[in-house]
Structure formats: C-alpha cells, structure tokens
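# Summary of the model geometry
This is what each chain is made of:
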Amino acid sequence: MTRPGGPRVAAVGGGHGLAASLRAARLYAAVVTAIVSVADDGGSSGRLRRQMGIVPPGDLRKCRVALADDTTLLAQTFEQRFDSEADELTGHALGNLIIAGLMAAAGDVQGGLDEAARLLGAGGRVIPAATEPVVLKASSDAGDIEGQTAVQGTTHIQRVSLIPADAQAPAAALAALAQADQIVVGPGSLFTSVLAALVVPGITEGIRASSARVVYVANLRPQPAETEGFDVADHVTALVAHGIGVDVVVADTTAIALGPLEVPVVEGPLAKGNGLAHEPRRLAAALAGLVG
C-alpha cells in the first residue's frame, strides 16, 4: 500500500534493515524506491553470484517482498528456504532462484526485478546500487579485508570501499535520489549493508546533490564485531567520514546509547516486542513527520 499525494521516498542500504524501512515507507509514501547493496558474497546469494555471474539476489529479494503484501502465499513462498540435504538446492531461498531466473530470461537485472514485482503485485521499485556485483573492502586495524562475509567479522573498521573502484550506479537509482522528497538511510549493518550501498560511485554524490531531507534510521543495538561499542553518534560519524551527511536521526535508545550528536534526533520506542527489529507502523509515524 502507498499513499496517493504522499512523498517520494528513496531508501538506501541492504538486508533486513532496509526491508524494515520499506515496510514503513509504504505506509505513508506515494512512491517508494529501494536502492540496494550488491556486495553480498555469502549463503545462497553468494553461490548464485559465483555460479551465474549475477548481482547477488538475496537483499534484492528481501526488499521486493517488503514492498509486497507479505501475507500472500506467493510472498511467503519467495522467502521459503530449501532445507533438504539431498541436493544442491539446500540453503537457497526460492525467491533467490526465481529472481535469478527472471534476470537471465530478461537479459537484464532491472527487467528481472520489475517482473518479480509484477508477479508479487508489489508497489515501488527495487534497484541495485551498482550495475554489477561488487566486492566490499574494509580498512581496519588488522589491515585490508575483502569480502562482505569477512568484513562482518572485523573490528575497528576505519573505512570501506568497493572493488571495482569505478563500479557504476544505475541511472534509475540516481534519478530516484534526484526526485526524492525524503532519503532514508538504514537501518542495517553499518559497513556491510548501509555503506556498501552508499559508497558506490554516484550514489554518494546523488545524495549530496538531492534537495531531499536525509534521515538516518539508527540500528536498535550495536552489532558484534562490526560496530561493537558504537553509539548512534559513532554511526553518524562513520557516515560523514564516507561523505554522507544526514539532516536528522531517528533512534530507539532502549539498547543503544545516543552519544553526542550535532544533528536533530527523533527518539522513541520503535522496536517490535522482541526488540530485534523495527515495527513498521512506529517507524512510519516517525519518518512521516520528517518529510520536507
């Protein structure tokens, strides 16, 4: 569901965090566009990436389902994972396989994703942050680490970048940023999901050039290893160090400290009952009040 007459929202990041922002955005926005990291190299996505030479479909799938009615059988089936040990399907999400097949049949990543939207009856658009698979590279106290899975287990990360360094952002992603009334960054793993999308050449510049208000949705808690010991201010500092300034922060400080911030903050209870994920209606209410 989207709201006629509502704002145009572009949300940037990856994984379950970006999916949470999309579930919220579809409750108040007229147009929702997801710009999704393609650095994943683990699990089902990593296997399909290596075997088929495609952008990893897992985060794209999560976002595509988040913009659909996820109570339908088809949306639930997209999330279904094979758990039989008898064949090579073990560990694959069915939606990953369908999206990979649609990309191959369309001969085009975006064409495959748009067809997945049609099948799911989903609104909004899901766009990869880069036109090709990228390798995430982190500079840390332990030296340079390559690959999203390896970076996830790394502490004291100073900076992340991509291989190839000249990876291109799709024109549709840049257009969505230019036309947005609001740009939502996060939540999600700071270095391996959020910044993995933001540091694609063109995306950072597109956000800076946009007239939209940039809202950072903070994680509900620090992430072991990757952001261990971080408060919300540390997350924002890392974004700024990578060229991403934010206009306002939305945070639930139940399980993460706020820290000294120099931008406005909207604080409040945003988590589901289990405290592990953002509750869409609560997050939507916070974000809807920050349009403009």
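Bear in mind the structure is a predicted one, so any value in this text is a computation, not a measurement. (Residues numbered from 1 in each chain as written. Predicted model: local features only at pLDDT ≥ 70, side-chain atom pairs only at ≥ 80, totals over all residues. Heavy atoms only, no water.)

### Topic: the overall build of the protein chain
- A tally of helices and strands in the protein chain yields twelve helices and ten strands.
- Seen through its principal axes, the protein chain has C-alpha atoms that stretch 50 × 50 × 40 Å.
- Taking all 292 residues of the protein chain together, 52% fall into the buried category.
- Split by element, the accessible area of the protein chain, about 11900 Å² in all, is 53% carbon and sulfur.
- For the protein chain, the distance from the average position of its 21 positive side-chain charges to the average position of its 29 negative side-chain charges is 7 Å. (Helix = DSSP H or I, 4+ residues; strand = E, 2+ residues; numbered from the N terminus. Buried < 20%, exposed > 50% of the residue type's maximum accessible area, 1.4 Å probe, protein only. Areas by Shrake-Rupley, 256 points an atom, 1.4 Å probe, with all protein chains shown as cover. Lys, Arg positive; Asp, Glu negative; His and termini not counted. Charge placed at Lys NZ, Arg CZ, Asp CG, Glu CD.)

### As for the packing of aromatic side chains
- Counted by the stated rule, this structure contains one aromatic pair.
- Both rings, one in Phe-191 and one in Phe-230, keep their centres 6.3 Å apart while their planes meet at 80 degrees; by these two values the pair is edge-to-face. Taken together, the residues span a long stretch of sequence, with Phe-191 in helix H9 (residues 190-198) and Phe-230 in the loop between strand E8 (213-217) and helix H11 (232-241) at a distance of 39 residues. (Phe/Tyr/Trp six-rings, centres within 6.5 Å; stacked < 30°, edge-to-face > 60°.)

### With respect to unusual backbone geometry
- The omega angle of the peptide bond from Ile-163 to Pro-164 is 0 degrees, so this bond is cis rather than trans.
- Cis geometry is adopted by the peptide bond preceding Pro-187, which originates at Gly-186 and carries an omega value of -5 degrees.
- For His-156, which is not glycine, the phi torsion reads 55 degrees and is therefore positive.
- The residue His-156 is located in the loop between helix H7 (148-152) and strand E6 (157-163) in this model.

### So, the pattern of salt bridges
- For the structure on display, the rule yields seven salt bridges.
- Linking Glu-79 and Arg-61 is a salt bridge whose minimum nitrogen-to-oxygen distance equals 2.5 Å. Pair noted here: Glu-79 is in the loop between helix H4 (73-78) and helix H5 (94-106) and Arg-61 is in helix H3 (residues 58-66), with a separation of 18 residues, a long-range link.
- Between Asp-114 and Arg-125 there is a salt bridge, with the nearest N and O atoms lying 2.8 Å from each other. Residue Asp-114 is found in helix H6 (residues 109-120), and its partner Arg-125 is found in strand E3 (residues 125-128); the two are separated by eleven residues along the sequence. (Salt bridge = Lys/Arg side-chain N within 4 Å of Asp/Glu carboxyl O.)

### A short note on the pairing of strand E9 (residues 248-251)
- Burial of the side chains of E9 extends over both faces: Val-248 and Val-250 are buried on one face and Val-249 and Ala-251 on the other.
- Of the pairings in the sheet, the one linking E8 to E9 comprises three bridges and is parallel in character. Bridge pairing in E9 places Val-215 opposite Val-248.
- Inspection of the sheet shows E9 paired to strand E10 (residues 265-267) by three bridges, in the parallel sense. If you follow Val-249 over to E10, its bridge partner there is Val-265. (Pairing = 2+ DSSP bridges.)

### With respect to the sheet that holds strand E5 (residues 143-146)
- A sheet is described by the order of its strands in space; here three strands give the open sequence E5-E4-E6, paired in antiparallel fashion. Looking at strand neighbours, the two that pair on one side only are E5 and E6, the edges of this open sheet. Strand-to-strand, the axes of this sheet are offset by a mean angle of 25 degrees, without reference to chain direction.
- The strands touched by H9 within the sheet are strand E4 (135-140) and E6, with E6 carrying the most contacts at an inclination of about 50 degrees. (Axes fitted to C-alpha atoms, helices over the stretch in contact; angles between N-to-C directions. Contact = heavy atoms within 4.5 Å.)

### Concerning the layout of surface pockets
- Empty space within the largest pocket amounts to approximately 680 Å³.
- Lining the largest pocket are 31 residues; nearest its centre among them are Gly-15, His-16, Gly-17, Gly-188 and Leu-276.
- Elements with a contribution of two residues or more to the lining of the largest pocket: helix H1 (15-25), H3, H7 and H9.
- For the lining of the largest pocket, the leading source of residues is H1, giving six residues.
- Among the residues forming the lining of the largest pocket, the class breakdown is nine nonpolar, 13 polar and nine charged. (1 Å grid on protein atoms, 1.4 Å probe; cavity = no way out; pocket = protein on both sides within 12 Å on 5 of 7 lines; lining within 4 Å. Points joined across faces, edges and corners; volume = space filled by probe spheres on them. Nonpolar A, V, L, I, M, F, W, Y, C, P; charged D, E, K, R; others polar.)

### Re the nonpolar core
- Of all hydrophobic cores here, the largest spans 92 residues; its most connected members are Leu-22, Ile-183, Leu-198, Ile-203, Tyr-216, Leu-239 and Leu-287.
- By residue number, the principal contributor to this core is H9, which donates seven residues.
- Look past the residues within four positions of Tyr-216 in its chain and what remains in contact with it is Val-185, Leu-190, His-235, Val-236, Leu-239, Val-246, Val-248, Val-249 and Val-250. (Core = buried A, V, L, I, M, F, W, Y, C linked by side-chain atoms within 4.5 Å.)

### Points about the pairing of E5
- Relative to E5, E4 runs antiparallel, the two being bridged by four bridges. Bridging across to E5, Ala-138 finds its partner in Ile-145.
- Between E4 and E5, which follow one another and run antiparallel, lie two residues.

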